[in-house]
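Reading the structure
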Amino acid sequence: MRGAAQCHPLTADDFRRRVAARGATGDAPSLQGDHVLNPGTEAMIGAAATREAAVLVPIVARAEEASILLTTRSAALRKHSGQIAFPGGAVDPGDQSAEAAALREAEEEIGLTADHVETLGRLPSYLSSTGYRIVPVLSIVRPGFGLKLNPDEVDDAFEVPLAFLMDAANHRLESREWRGVARTFYTMPFGDRYIWGVTAGILRSLYERYYA
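Attention here is on the structure that accompanies the text.

What counts, and where the lines are drawn
- Residues numbered from 1 in each chain as written.
- Predicted model: local features only at pLDDT ≥ 70, side-chain atom pairs only at ≥ 80, totals over all residues.
- Heavy atoms only, no water.
- Salt bridge = Lys/Arg side-chain N within 4 Å of Asp/Glu carboxyl O.
- Helix = DSSP H or I, 4+ residues; strand = E, 2+ residues; numbered from the N terminus.
- Phe/Tyr/Trp six-rings, centres within 6.5 Å; stacked < 30°, edge-to-face > 60°.
- Lys NZ or Arg CZ within 6 Å of the ring centre and 35° of its normal.
- Buried < 20%, exposed > 50% of the residue type's maximum accessible area, 1.4 Å probe, protein only.
- Arc of directions from axis to C-beta.
- Pairing = 2+ DSSP bridges.

With respect to the pattern of salt bridges
Enumeration over the complete set of coordinates arrives at eleven salt bridges. The salt bridge involving Arg 16 is made with Asp 13; its shortest N-O contact spans 3.0 Å. In this pair, Arg 16 and Asp 13 both sit in helix α1 (residues 12-22), three residues apart, roughly one turn of the helix. Among the charged side chains, a salt-bridge network with shared partners connects Asp 92, Asp 95, Arg 104, Glu 105 and Glu 108.

Okay, structure coming up:
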């Protein structure tokens, strides 16, 4: 059976209605993260995830159907090089909120300015096994924006239809060994793009809250 997201195009207005109906707060008692698919790692990940980060989850309000704006991290980066990610990064001491951090990082990485972005709230924080407590900031991006990629951080920026990413038929579970332990994670291959890890995990969280 085809996923519900494939029944009709998904628009930004529809997304806004879903968020209003279900709420968008990072204060949910159950945190999302790598530990959800890997029972037994909760204590290890929870203890390690002491660094605060924020990412922008940018729903682009295209006329026909909404899309999600993603980036490909620079191949020259020391960590997570070449991986697909949301715009975002560490929360700096000068950031007044996770929203401020996500918007600052989006402008620094890809030139997406805040005047094109409407923030709607947060998904529950996502704990990564690499030591970050990540706040996903939900947003709608008004078309007409221009992008200017920072080559030190980003190799590419692209959009994927929201309907594709919110269709459970496109969510795969895969496993690989990491630091001597088998880890399970979501992947969402899209053409030659391999979306996986934290990015796919946050997208799965978005699906479970608003589209499942």
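Here the narrative resumes, following the displayed structure.
Observations concerning the packing of aromatic side chains
Taken as a whole, this structure holds four aromatic pairs when the rule is applied. Pairing Phe 15 with Tyr 210 gives two aromatic rings, centres 6.0 Å apart and planes at 75°, and the pair type is edge-to-face. Of the two residues, Phe 15 is situated in helix α1 and Tyr 210 in helix α5 (residues 197-210); the sequence distance between them amounts to 195 residues. One aromatic cluster is present, formed by Phe 185, Tyr 194 and Trp 196 through successive ring pairs. For the cation-ring pair, Arg 51 lies above Tyr 132, with the distance from its terminal atom to the ring centre recorded as 4.3 Å. In this structure, Arg 193 is placed above the aromatic ring of Phe 158, and the distance from its NZ or CZ to the ring centre is 3.8 Å.

Brief notes about α1
Among all positions in α1, only Ala 12, Asp 14, Phe 15 and Val 19 are buried. Across the axial projection of α1, the buried residues extend over an arc of 155°, all falling on one side. More than 90 degrees from the buried face of α1, the exposed residues found are Arg 17, Ala 20 and Ala 21. Of the residues trailing α1, Gly 23 is marked for its positive phi of about 85°.

Quick notes on the pairing of strand β3 (residues 67-73)
Among the seven residues in β3, six count as buried, and that is most of the element. By the bridge criterion, two bridges tie strand β2 (residues 51-60) to β3 in an arrangement that is antiparallel. Among the inter-strand pairings, Val 60 is bridged to a residue of β3, identified as Ser 67. Pairing analysis gives seven bridges linking β3 to strand β9 (residues 154-161), with the strands arranged antiparallel. Bridge assignment links Ile 68 to a residue of β9, and that residue is Val 160. Taken together, the two bridges between β3 and strand β4 (residues 84-85) define a ladder with antiparallel strand orientation. Across the sheet, the residue bridging to Thr 72 is Ile 84, located in β4.

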